[in-house]
Every structure is written in structure tokens, then in C-alpha cells.
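# Tertiary structure, described
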Amino acid sequence: MTKKRDSLPAEDRVGTNGRASVPRFGHGSRVPGWDEAVDLRKDPADVPDPATVPVPPQLRAEIEAHMAKYPDHRSAVIAGLAAAQRHHGWCSPEAIDQVACVMRLTPGYLVSIATFYDMLENQPVGRHSVYVCTNISCSLCGAEELLAAMEEATADDPDFNVRHFECLGACDIAPMASVDGVYVGPISLDEVPTLLEQVREGAPVLPAKQLTQRAVAEPLAVLPKGPTTYGGRMPEEALGPPAAIEQEPIGPAEGSKQSNEKAV
Amino acid sequence: MSENPTNPSSNGRTQPLLLRGIDEEGLHTLEVYRRRGGYEALTKALDMAPGEVLEQLQASGLRGRGGAGFAIGKKASFMPEGAMDKYMVCNADESEPGAFKDRELMQKNPHQLIEGLIIAAYTVGANRAFIYIRGEYQRQADVLDAALAEAQGAGYLGERILGSGFSLTLVVHRGAGAYICGEETALLDSLEGKRGNPRIKPPFPANQGLYQGPTLINNVETLATVPHVITMGGEKYAELGTESSPGTKVVSISGNVRRPGNYEVELGTPVREIIYGLAGGPPEGREVKFFFPGGSSAPVLTAEDLDRPYDFDSMAEAGSMLGSGSVIVVDDSVPVVDVALKVAKFYEHESCGKCSPCREGTRWTRTILQRVDDGTATPMDLDIMASVQEQILGNCLCVLGDSMAMPIGSMVQKFRAEFEAHIEAARARNPFGDEEPEPPLPVVQGAAA
Ligand SMILES: Cc1cc2nc3c(=O)[nH]c(=O)nc-3n(C[C@H](O)[C@H](O)[C@H](O)COP(=O)(O)O)c2cc1C
Ligand code: FES
């Protein structure tokens, strides 16, 4: 009879192919919390009793205003959780209870929502969020280095929540980041300290590089269909009116000229 | 070369429709938008019967700009008639890597979208409309909220719009970061306050969508085009672009190009013109290695395909798709494995987990690609990966898994030699991969018995 795999000491748990097997928790499973049995005597948390869950009036008013916009008030869960997150810093058990109380939903239901969406935080985080995009276009322009620099510079500052993010829909200013909701880019590595300092001071971050400053490349747009006039690489002078786009050639470390044109 | 019937211009180029004067100061306000002729299309549409507006949309041949390229006229015609709760939803989730056109359209010209949305809702008789915008677009959502309040104040939204019998309420609904919520049925679930999991289709949203009611759902760019279709007339609009892909398209172009950005082109413009002529091509001394013609979900094309016309059918013919119209250019300095790994990581992260082939398939694809990169793979792993892709394709409720399988499949197919060389080089560099040399097998008591 073979000894049961899980009862082997961890270092002996080697797959049949001779390779070290998948990392496992102390209890032998790959699933965290696997050995914590559900307490079957306990009922799942109910919709909280309004008498026992105090909700800050401002938060309550905000959630109720969102609920009123929809035919079914449950549509306001994301808005409700986002409001509670702004209030508490993250979707803490307390925050969840308060939303549950106002929306008349179970905490379990709200946790299922809070764990689904990337922007809802399930752990305490720094109050300044810096989402660095590391998707295709940004990483082609040096996003990994940017993220590393940001992480290093904020490593012992608990006020920052620096994390990588999937494409933020601003690949034209790659490599970019969303800093407390404001899109900035292209960010060069030597701008990182300035950017972080501006966040700490509550000043606008890299004002000239904010997305809102960027003009669309309109003058060149809408070509007639027809045989192409360009073979291979383009000579610089054939690139058309220089005013078309204000952005210089890409490259992570290069600065870029920005248009002074005011846009939304 | 086709002449734009309404806007012939001095240089022979067609004038942009969606991006016309897009950087004009204050365009996001009602005042400037109206001064430029805004909301006249709505007035015109409300003077027509809904059926007549539908005819114009059908005549225009306008195909959806969100990914699938389904004609809006056809989709709208599937909506049942009669007085029931019907819904109009605008898909502004735009989370596909490489896409950023909807952002521009909403941020700079929000009224264009709102006008198109009202016309579309009028056409199908929907009285409640929602714009589902991704949570990261905070600025754009604020702009939309402000525009909406202005439109409401001017009587373009609300009860009995412009004195007609048509009423419409509009809500800007912010998401919270999930690519899957761009898939139309996942979006509806998310909008109903659930986790964004795709639904079984049929029933399609046109029959049973939001809150079980018939729902028309369209992309931002599709709806922003609607006022232009009404102003020009469907048939005139159809003269733009190619026969099967009429109109103009805002192309988001990014990656290894000198001038990334949004450009509006007539469909059918050669890809070379877009990548080299507009975006300036790759940086000095580099060449286009491959490009995604329609966002990260589209199979990649190579330099050989540069002279193909950029439209729905030509891209399909080339074995790829136009998708959301986002071109990501990768130049010859970038290893293909790096890009493949990025793509796989993205889809693994964004898979909602409802269907096993997608949840597990994206994870295994990422794992195998990681092995390719760290030197623990063999060339056989590429075949295993191909079989994983095969298990995903067509076996899930939505095409998120397929959207990973197809581009990665195309990369392996077109650059197999490079993948194999990458495997060999990584193995030579690091025979044990990232792992420690393994301990000897333990002798387990009684194992032989
Ligand atoms: C995984 C996935 C993600 C999608 N993301 C988006 C999106 O972000 N925006 C969008 O407009 N359509 C997206 N779509 C396409 C929609 O399902 C739908 O086809 C589209 O919104 C219809 O609008 P249209 O007919 O105007 O193109 C996505 C589809 C899938 C399968
Ligand atoms: S890839 Fe970074 S914003 Fe799109």
C-alpha cells in the first residue's frame, strides 16, 4: 500500500516525473483555506439589521441616489461599493456591511461582486492609486521598467497603491499610468520622482503630459481609398504637416513635445 | 477614389465625419456642438416615423464598430414592436488592448454620442437608455454626465423630447474594471448588478436582454455615426468606404509606431497607408514584424499583408479580423514570444471563469508560454498548446477564450521557427528553468508492492 501523498512531508512531495511538484500549502492542498471547514452550525450572514449597522449619512445618501436611477436598485451595486470604498479606503467587512444594509443585500453577495472587479479593493491599500498599464502597446514602449521604477520608489510609502493594470485605453500615450484616476503619459523614467512628489503634495501630476492636453491627429485623417503611395519606410518629409500630432517618436526614456492646444 | 458627396474638400480627401474639428475648444459643451449643427439630425429623425429612420440605418449598411461588425440596421430590425419595456444600451467598456477610439469620442464630443443614442432609441422604441462605461474612464464619464445634464436641460432627453411623443431617460453607468463586461451579455449582467458573466445565447439581447426586456446594444462609435447617417441619408453614407464595409472608421494605432493616435479613415484604405502614412511607421531603422489589425483578439498579420485594404471583408480574407479597428504594430526588435505571453496573461486574468475551456485553457496557454520563455519547454509543448487552443475554440459561452486562442495560434503558425529557437536558446541558458535541481525520488515504503 502506498502512503497517502498528502501525508508525506512537503519536501518529499515529488511528482511521478521526478520533478518537484506544484507548490502546496501546509495542509497539502493547492487551495487556500481548504482545510478550514465551513461551520455548518452557522448561518450565512443575513441582510444586516438597520438598527445595528450604523451607516454614515453621507454614504447612505450617495448609495440611495444611485439606487434611484435604476428600475432595479441592485444595478447600483458597483456604484455603492465604489462609494463605500472611497469612504473606507477599501471594501472592508465594515464597508460591505454598510452597503448591504442600505441596499438590502447579503454581505456574501456583495463580496462576490467586490472580488470580481479589478478596481474594488479587497485588502487595505494606500490611498493614492497608481495603475501602471503593462499591456501590449505600453510594454512595447517600456512599461515594465516604468512599473519597476514606480514600485521601487514607493516601496516604503504606505500611502501608495502602485499596481500593474491591463490596457487602460490610452495606448497612444504609452507607457502610461492612471494616477488617482488621471491619465498621464508618456512617462519617462526620470519623471517618476517628480510625479510621485506631485502626488504627495496633492499637486496636478505632470500637467503637460496629461491625456487631456493631447490633440487628436485630425489634420491627416481620412485618406481617400486607392493605391498606396508609400513603399516601405517613409522618408521624414513625407510624413505630412508637422502640426498633425504633437507627439515625438516613441521611446520610453524620451520626453515629448506637447500641444498647447486646450482640449477637454 | 470615392468622392464624399456631402463634403468634397479642396485636397480631394474625404472630410472626417466623427473626428471633424474634434479639438475645437468647448466642443464638449452643448453650445458649441449646437453651433456646429448638432442635434439637427435628432430633430430630423423625430420628424420621421421610427420605421423610416430604421430604413435609413439599413440603407447605410453601417456595421457595428465594437468587434463583431454586425449591421446596426439589421440588429435594430430584430427588436420586437409594441409597447413594452425596451432598452437601449451603449457599450463604452472599451477594454480591448489597443483600443482607445471610444475614449476620444466620448471625451471630446460627448453630444455626438448622446444624439446618436437618442436616435437609435427612438428607432426601436426604447424608453430607457444606459451608457456602460469602464470604471477607469473617470474623466470621460464625468464629461458624459455633464453633457447629459445639459442635454436634459435643453429638452433632448426626458419627457416628450422636442415636443414629440417620445420620452427617454439616460443613465451613465460606471463599471469597475473587467474586460469581460465588454461582451454584450456579460455587460447586461453587470448592469443588472451581478458579476459580469456571459449568458447563454439565444435568447439574444434583442429578444431578452436587460431586465428581461428587448435590448439594443451598440458600441460608442457605431452610435456616434448614427447622426451622420441621418444627416447625409443612408444611401449617401453607403457611398463612403467599400461596398460591404461602408463608411469611415476611427482607427486607434499604437505600439512601435512614431505617431500613435486615433485616425479616421475610409474603410478600404490600404493598411500601409495607415501604418506608414498616418502613424509614421516603426522607429528609424526598424521594420514591421507583425501587427494586430483589430486589437489583441485579432490574429496577427505580417508585412506581407500591408497592401491589403483595411475593411471587414479583406481582413477576414487575410485570416484575421477588423474587430474594434485597433492596430497594434510590433517591430522586428521584439521577440514574438514576449508578445504572445502578454496576450495570454491578459486573457487569463480577464477570463470570468464561467466556462472551463476558457478558464483552464487560458491558464495552460500562459503556463506553457512561460515555460517556453524560461527554458523548461520542448518543441512538443507548442503542439500541446495548439491542442489546448483547439479545445477552447467554439466551446464557450462567449469568445473571450477564442480571442486568445486565435492570435496566439496565428503567432505560432507564422513564427514557429522563432518559437522553436526561443525554446532552444532558453534551454541552453537555463537547463533547470527557474527551479532548483530536483531532489532524488524518495523511497516510499511498500511502493513496490
Ligand atoms: C470578450 C469580449 C469583449 C468585448 N468588448 C467590447 C468592448 O469593450 N466594447 C464594445 O463595443 N464591444 C465589445 N465586445 C463586442 C460586444 O459583445 C458587442 O458585439 C458589441 O458591443 C456590439 O456593438 P456593435 O454592433 O455596435 O459593434 C466584446 C466582445 C467580447 C466577446
Ligand atoms: S496598452 Fe497601455 S493603455 Fe493600452
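Per chain, residue numbering runs from 1 following the sequence as it is written. Note on labels: chains are lettered from A, ligands numbered from 1, in written order. Given that the model is predicted, a residue must reach a pLDDT of at least 70 before its local features are reported, and side-chain atom pairs must reach 80 or more before they are shown or counted; all residues, however, enter totals for whole chains, interfaces and linings. Side-chain figures throughout are based on the complete set of non-hydrogen atoms in the structure, without hydrogens or water.

## Some thoughts on the overall build of chain B
Scanning chain B from N- to C-terminus turns up 17 helices and eleven strands. Its C-alpha atoms give chain B a radius of gyration of 24 Å, within 12% of the compact-globule value 22 Å for 449 residues. Once the C-alpha set of chain B is aligned to its principal axes, its extents read approximately 85 × 55 × 35 Å. Among the 449 residues that make up chain B, the fraction classed as buried is 62%. Whether two residues are in contact is decided by their heavy atoms: any pair within 4.5 Å suffices. Taking the intrachain contacts of chain B between residues at least 6 apart in sequence as the baseline, contacts between residues at least 24 apart amount to 71%. Helical segments are the DSSP runs of H or I of at least four residues, strand segments are the runs of E of at least two, and each set is numbered from the N terminus. Each radius of gyration reported is based on C-alpha atoms, and the globular scaling rule is 2.2 Å times the count of residues to the power 0.38. Buried residues are those whose accessible area, probed at 1.4 Å on protein chains only, stays under 20% of the maximum for their type, while exposed residues exceed 50% and partly exposed ones sit between those limits.

## Examining the overall build of chain A
Along chain A, the regular secondary structure elements total seven helices and four strands. Considering only contacts in chain A between residues 6 or more positions apart, those separated by 24 or more positions represent 59%. We get accessible surface area from the Shrake-Rupley algorithm with a probe of 1.4 Å; when it comes to residues, only the shown protein chains can shield them. Of the accessible surface of chain A, which amounts to about 13,200 Å², a share of 54% is contributed by carbon and sulfur atoms.

## Things to note about the site of ligand 1
Residue and element names in this part refer to chain B. Proximity is defined per residue: any heavy atom of the residue falling within 4 Å of a molecule or strand makes that residue near it. Inspection of the region around ligand 1 gives 19 residues, with Gly-66, Asn-91, Asn-218, Asn-219 and Thr-222 positioned closest. For this analysis, a polar contact is any N or O atom pair within 3.5 Å, provided that within protein one partner can donate a hydrogen and the other can accept it, and provided that sequence-adjacent residues contribute only side-chain to side-chain pairs. One of the side-chain N or O atoms of Asn-91 is found 2.8 Å from an oxygen atom in ligand 1. In the complex, the protein chains occlude 92% of the 610 Å² of accessible area that ligand 1 would expose alone. Throughout, the protein atoms alone are placed on a 1 Å grid, and a set of points is a cavity if a 1.4 Å probe fits but cannot get out or a pocket if it is open with protein on both sides within 12 Å along at least five of seven lines; lining residues have an atom within 4 Å of a point. Assignment of a molecule to a cavity or pocket requires that more than half of its atoms lie within 2 Å of the corresponding grid points. More than half of the atoms belonging to ligand 1 lie within 2 Å of the grid points that define the largest pocket. Counting residues per element, the shell around ligand 1 draws most heavily on strand β4 (residues 215–219), which supplies three residues. All amino acids are sorted into three groups, where Ala, Val, Leu, Ile, Met, Phe, Trp, Tyr, Cys and Pro are nonpolar, Asp, Glu, Lys and Arg are charged, and the leftover types, Gly among them, are polar. Its residues placed into classes, the shell around ligand 1 shows four nonpolar, nine polar and six charged.

## A look at the confidence of the model for chain A
Residues and elements named next belong to chain A. Each residue gets a pLDDT score, which is the predictor's confidence in that residue and runs from 0 to 100. Mean pLDDT over chain A: 78, with 67% of residues reaching 70 or higher. Under a pLDDT of 50 for its full length, residues 1–18 has, in the predicted model, 29 contacts with residues more than four places off or in other chains. Note on residues 226–264: pLDDT is under 50 here. Beyond four places in sequence and across chains, it has 94 contacts.

## Observations concerning the sheet that holds strand β2 (residues 128–133) of chain B
Note: strands within a sheet are paired through backbone hydrogen bonds, in either parallel or antiparallel orientation. Residue and element names in this part refer to chain B. In short, DSSP must find at least two bridges between two strands for them to pair. The sheet built from four strands is open, its strands ordered β3-β2-β1-β4 with parallel pairing. The two strands at the open ends of the sheet, each matched to only one other strand, are β3 (169–174) and β4. The sheet shows a mean angle of 20 degrees between the axes of neighbouring strands, direction not considered. Summarising the sheet, strand β1 (residues 87–92) and β2 pair through six bridges and their orientation is parallel. Bridge pairing in β2 links Cys-90 to Ile-131. Lines fitted to C-alpha atoms define the axes, with helix axes restricted to the stretch in contact, and inter-axis angles between N-to-C directions lie between 0 and 180 degrees.

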